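Survey of secondary and tertiary structure
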Amino acid sequence: MKIICIGRNYAKHIEELANERPTNPVVFMKPDSAILPKRNPFFIPPFSNDVHHEVEVLVKINKVGKHIQPQFAHKYYDEIGLGIDFTARDVQAKCKEKGLPWEKAKAFDGSAVIGEFYPKSEFNLAEIKFQLLKNDEVVQDGNSNAMLWKIDELIAYVSQYFMLKKGDIIFTGTPAGVGKVEENDVLIGTLEGREAFKIKVK
Ligand code: ZN
């Protein structure tokens, strides 16, 4: 399986990092080795002093497809989840400066937290509310209604480049409020009030 991630999909997050607003979705990938095994803590990697949490709505692809039209995209997923795209912001800043790829900052071991999935029928996809709590304090408070590109548009866009396969996961981008994680932090993600994951940072 593969993990396809979308960057810069929320206007307020683009502002907080002083990034340019893209004309098309920013796309990058994580390998399956980036998945943090269930119930494992997240270990801050030794090559970074500034790992950020990015909480994101996840979409699990349920069948093969390429060149999917937006109006048919809804047929390619039944489940919605929540996860974290851990990002070594200091490493990413260096990559950006030099125009280099982001993998070392985004695709390292353990960088993809994949929480529980729920049937999409349980949600109003146009307005999915989700939060990240750090040590019981809400640090990211998102709503899918603020996505620049909605889920179906993202599926249509990425499937022009990458054949989607059953089990692939799309990370749909983070809202504002990203920040550094420290040892002993506890991160809890909620999707419409359901606890989708709980991660200890080591
Ligand atoms: Zn992200």
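Everything here concerns the structure above.
**Here's the deal with helix H4 (residues 151–158)**
- In terms of burial, H4 is a largely internal element, six of the eight residues being buried.
- Taken residue by residue, H4 has Ile 151, Leu 154, Ile 155, Ala 156, Tyr 157 and Val 158 as its buried positions.
- Close packing links the buried residues of H4 with strand E1 (3–7), strand E2 (26–30), strand E4 (55–61), strand E5 (77–85) and strand E10 (169–171).

**Examining the side chain of Ser 159**
- With respect to the element layout, Ser 159 can be found in the loop between H4 and E10.
- The class for Ser 159 is buried, based on a relative accessible area of 1%.
- At 3.2 Å, the side chain of Ser 159 and the backbone oxygen of Ala 156 are in polar contact.
- Apart from residues lying up to four places away in sequence, Ser 159 is in contact with Gly 65, Lys 66, His 67, Ile 68 and Leu 164.

**Observations concerning the coordination of the zinc ion**
- Looking at the zinc ion, one finds its protein donor set to be Glu 54 (OE), Glu 56 (OE) and Asp 85 (OD), positioned 2.0 to 2.1 Å from the metal centre.
- Here the donor residues of the zinc ion share one chain and are spaced in sequence as E-x1-E-x28-D. Here Glu 56 is found in strand E4, whereas its partner Asp 85 is found in strand E5, with 29 residues between them in sequence. Each member of the pair, Glu 56 as well as Asp 85, carries the same accessibility label: buried.

**Describing the sheet that holds strand E12 (residues 186–191)**
- Within the open sheet, the four strands sit side by side as E9-E8-E12-E13. Their pairing is antiparallel. Two strands lie at the open edges of the sheet, namely strand E9 (137–143) and strand E13 (194–200), each paired on one side alone. Within this sheet the neighbouring strands show an average axis-to-axis angle of 15 degrees, counted without direction.
- For strand E8 (residues 129–134) and E12, the ladder comprises five bridges, and the chain directions are antiparallel. If you follow Gln 131 over to E12, its bridge partner there is Thr 190.

**Focus on the pattern of salt bridges**
- As enumerated under the stated definition, the model contains seven salt bridges in all.
- In this structure, Asp 168 engages Lys 2 in a salt bridge whose closest nitrogen and oxygen atoms are separated by 2.6 Å. Taken as a pair, Asp 168 in the loop between H4 and E10 and Lys 2 in the segment before E1 lie far apart in primary sequence, 166 residues in all. Each member of the pair Asp 168 and Lys 2 is classed as buried.
- Across the pair Arg 194 and Glu 122 runs a salt bridge whose closest N-O atoms are separated by 3.0 Å. One end of the pair, Arg 194, is in strand E13; the other, Glu 122, is in the loop between strand E7 (112–119) and E8, with 72 residues separating them in the sequence.

**A short note on the side chain of Asn 9**
- Tracing the backbone shows Asn 9 in the loop between E1 and helix H1 (11–16).
- Discounting residues that sit within four places of it in the chain, Asn 9 has contacts with Ala 146, Met 147, Leu 148, Trp 149, Leu 154, Thr 172 and Gly 173.

**Re the packing of aromatic side chains**
- Under the criterion given, the structure shown has eight aromatic pairs.
- Plain terms: the ring middles of Phe 42 and Phe 108 are 6.4 Å apart, the flat faces sit at 45 degrees to each other, and that makes the pair tilted. In this pair, Phe 42 is assigned in the loop between E2 and strand E3 (51–53) and Phe 108 in the loop between helix H3 (103–106) and E7, connecting sequence segments 66 residues apart. Here Phe 42 and Phe 108 have matching classes, each one buried.
- Ring centres of Tyr 161 and Phe 162 lie 6.3 Å apart, and the angle between their planes is 45 degrees; this geometry places the pair in the tilted category.
- Ring pairs connect the aromatic residues Phe 42, Phe 47, Phe 86 and Phe 108, which therefore count as one cluster.

Procedures and definitions
- Residues numbered from 1 in each chain as written.
- Predicted model: local features only at pLDDT ≥ 70, side-chain atom pairs only at ≥ 80, totals over all residues.
- Heavy atoms only, no water.
- Buried < 20%, exposed > 50% of the residue type's maximum accessible area, 1.4 Å probe, protein only.
- Helix = DSSP H or I, 4+ residues; strand = E, 2+ residues; numbered from the N terminus.
- Contact = heavy atoms within 4.5 Å.
- Polar contact = N/O pair within 3.5 Å; in protein donor to acceptor, adjacent residues only side chain to side chain.
- Donors = N, O, S within 2.8 Å, 3.2 Å for Na, K, Ca; no water.
- Pairing = 2+ DSSP bridges.
- Axes fitted to C-alpha atoms, helices over the stretch in contact; angles between N-to-C directions.
- Salt bridge = Lys/Arg side-chain N within 4 Å of Asp/Glu carboxyl O.
- Phe/Tyr/Trp six-rings, centres within 6.5 Å; stacked < 30°, edge-to-face > 60°.

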